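# Results of the structural survey
Read off the chains here:
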Amino acid sequence: MSGQIQKIIINTSPLLSLIKSQQIQFLPQLFREILLPAGVWHEVMAKPDDFAALRLQELDWLKYTDDIVVIPTVKTWDLGQGESEVISLAQQRSGYGVVIDDRSARNCAKTLNIPTLGTGAILILAKQAGLINRIKPGIQSLQEAGLYLSNNLVEILLRQADES
């Protein structure tokens, strides 16, 4: 678990999951800066009346950026627009990690030596920071919000949080 990541770029799935599970407030408490690429913004805002889209517009601590050029190495991975922008932006700016759940996108980021966190890792960091006592209720909230977490991944997360 990378507790020293201070600045992140967040992808659509983690953003939606954290908003819908009412756990989005952990991000500004855990990180100094949170960037939101235009592609992620557009993916969330595709359903403008959705709870997540409405909530996203209230998050004034998110820094929107649209000055992104998807780098050729990332293009070859054939990822979605949001993932491609998140990873490209992290590659172009030093000191940023990415919050991304898609396995292919995580693998792409890792090949570029970009620190990666999944949505579940945010809960572990929140526990380590003393923001929550246990991650299990947060995991259940993420699942209820529609985030698929395999039983194996849930077990890993609980072990990492010393809750197994």
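Residues numbered from 1 in each chain as written. Predicted model: local features only at pLDDT ≥ 70, side-chain atom pairs only at ≥ 80, totals over all residues. Heavy atoms only, no water.

### Observations concerning the sheet that holds strand E1 (residues 7-10)
An order of E3-E2-E1-E4-E5 is seen for the five strands of this open sheet, with the pairing classed as parallel. Each edge of the sheet is formed by a strand with only one pairing partner; in this case those strands are strand E3 (62-65) and strand E5 (116-117). Pairing geometry for E1 and strand E4 (residues 96-99), over four bridges, is parallel. Bridge pairing in E4 links isoleucine 8 to glycine 97. (Pairing = 2+ DSSP bridges. Helix = DSSP H or I, 4+ residues; strand = E, 2+ residues; numbered from the N terminus.)

### Quick look at the pairing of E4
The two faces of the sheet receive side chains in turn, since in a regular strand these alternate between them. Both faces of E4 are covered, namely the face carrying Tyr96 and Val98 and the face carrying Gly97 and Val99. Pairing geometry for E4 and E5, over two bridges, is parallel. Looking at the pairing, valine 99 lines up with leucine 117 of E5. Assessed by its sense of winding, the connection that carries the chain from E4 through helix H7 (residues 103-111) to E5 is right-handed. (Buried < 20%, exposed > 50% of the residue type's maximum accessible area, 1.4 Å probe, protein only. Right-handed = clockwise from strand over helix to strand, strands pointing away.)

### Quick notes on the pairing of strand E2 (residues 33-37)
The buried count for E2 comes to five of five residues, which makes it a mostly enclosed element. Residues Glu33, Leu35 and Pro37 point to one face of E2 and Ile34 and Leu36 to the other, with burial holding for every one of them. In this sheet, E2 lies alongside E1 in parallel orientation, the contact comprising three bridges. When the bridges of E2 are listed, isoleucine 8 appears paired with isoleucine 34.

### Quick look at the packing of aromatic side chains
Tallying each qualifying case throughout the model produces one aromatic pair. Taking the centre distance of 5.9 Å and the plane angle of 75° together, the rings of tryptophan 41 and tyrosine 64 count as edge-to-face. Of this pair, tryptophan 41 sits in helix H3 (residues 38-45) while tyrosine 64 is found in strand E3, placing the two residues 23 residues apart along the sequence. (Phe/Tyr/Trp six-rings, centres within 6.5 Å; stacked < 30°, edge-to-face > 60°.)

### Concerning the side chain of glutamate 85
Along the chain, glutamate 85 turns up in helix H6 (residues 81-92). The side chain of glutamate 85 sits in the buried core without any salt bridge; lysine 75 is the nearest counter-charge, 11 Å away. Only 2.7 Å separates the side chain of glutamate 85 from the side chain of glutamine 81, close enough to count as a polar contact. Setting aside residues no more than four positions away along its own chain, glutamate 85 makes contact with Pro37, Ala38, Gly39, Ile68 and Val70. (Lys, Arg positive; Asp, Glu negative; His and termini not counted. Salt bridge = Lys/Arg side-chain N within 4 Å of Asp/Glu carboxyl O. Polar contact = N/O pair within 3.5 Å; in protein donor to acceptor, adjacent residues only side chain to side chain. Contact = heavy atoms within 4.5 Å.)

### Quick look at the pattern of salt bridges
For the structure on display, the rule yields five salt bridges. Glutamate 58 serves as the salt-bridge partner of arginine 55, at 3.3 Å between the closest nitrogen and oxygen.

### Observations concerning the environment of lysine 127
Note on placement: lysine 127 falls in helix H8 (residues 119-128). Remark: the alpha-carbon pair of lysine 127 and alanine 161, spanning 34 residues in sequence, is separated by 7.5 Å. Apart from residues lying up to four places away in sequence, lysine 127 is in contact with Ile132, Asn133, Ile135, Ala161, Asp162 and Glu163. Polar contacts involving the side chain of lysine 127 include one to the side chain of glutamate 163, which spans 3.1 Å.

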